Amino acid sequence: MKPVIITKVQWLDIRSRLKQEYPMSVFLLRDRMKQKLGFTPRDHKHYDPSKGYYTEQVHLDFYSENKKTMFLMKFSEVLNDVR
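Report on the accompanying structure. Given the structure is predicted, the values throughout are model-derived calculations rather than measurements.

1. Re the sheet that holds strand E2 (residues 39-48)
Logical step 1: Spatially, the three strands line up as an open sheet ordered E1-E3-E2, and their pairing is antiparallel. Lying at the two open borders of the sheet, with one neighbouring strand each, are strand E1 (4-7) and E2. This sheet shows a mean twist of 35° between the axes of neighbouring strands, independent of strand direction.

Laid out in structure tokens, this is it:
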């Protein structure tokens, strides 16, 4: 399953919203995050040859297609926000 690739700013916004809904233990333990949210985040640096520098990205590795779909629907306004 392909990861959802977002910017660091988008991830900080999404994570702050999720922290209002879930206890801190979900974010401290990767297994709990995988179980409750259906994904785990992974920091990634992507080299863009057209720009000539690296950009920081966050890859969200999903383990459930259903949870991925719900995530995309719930945070569509953040994901579609072009900065």
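On we go.
2. Quick notes on the nonpolar core
Logical step 1: Trp11, Ile14, Phe39 and Leu60 are the most contacted members of the largest nonpolar core, which has 16 residues in total.
Logical step 2: Mapped by element, the contributors of at least two residues to this core are E1, helix H1 (8-21), helix H2 (24-28), helix H3 (30-37) and strand E3 (53-62).
Logical step 3: Beyond its immediate stretch of four places on either side in the chain, Ile14 contacts Ile6, Phe71, Phe75, Val78 and Leu79.

Conventions and cut-offs
- Residues numbered from 1 in each chain as written.
- Predicted model: local features only at pLDDT ≥ 70, side-chain atom pairs only at ≥ 80, totals over all residues.
- Heavy atoms only, no water.
- Pairing = 2+ DSSP bridges.
- Helix = DSSP H or I, 4+ residues; strand = E, 2+ residues; numbered from the N terminus.
- Axes fitted to C-alpha atoms, helices over the stretch in contact; angles between N-to-C directions.
- Core = buried A, V, L, I, M, F, W, Y, C linked by side-chain atoms within 4.5 Å.
- Buried < 20%, exposed > 50% of the residue type's maximum accessible area, 1.4 Å probe, protein only.
- Contact = heavy atoms within 4.5 Å.

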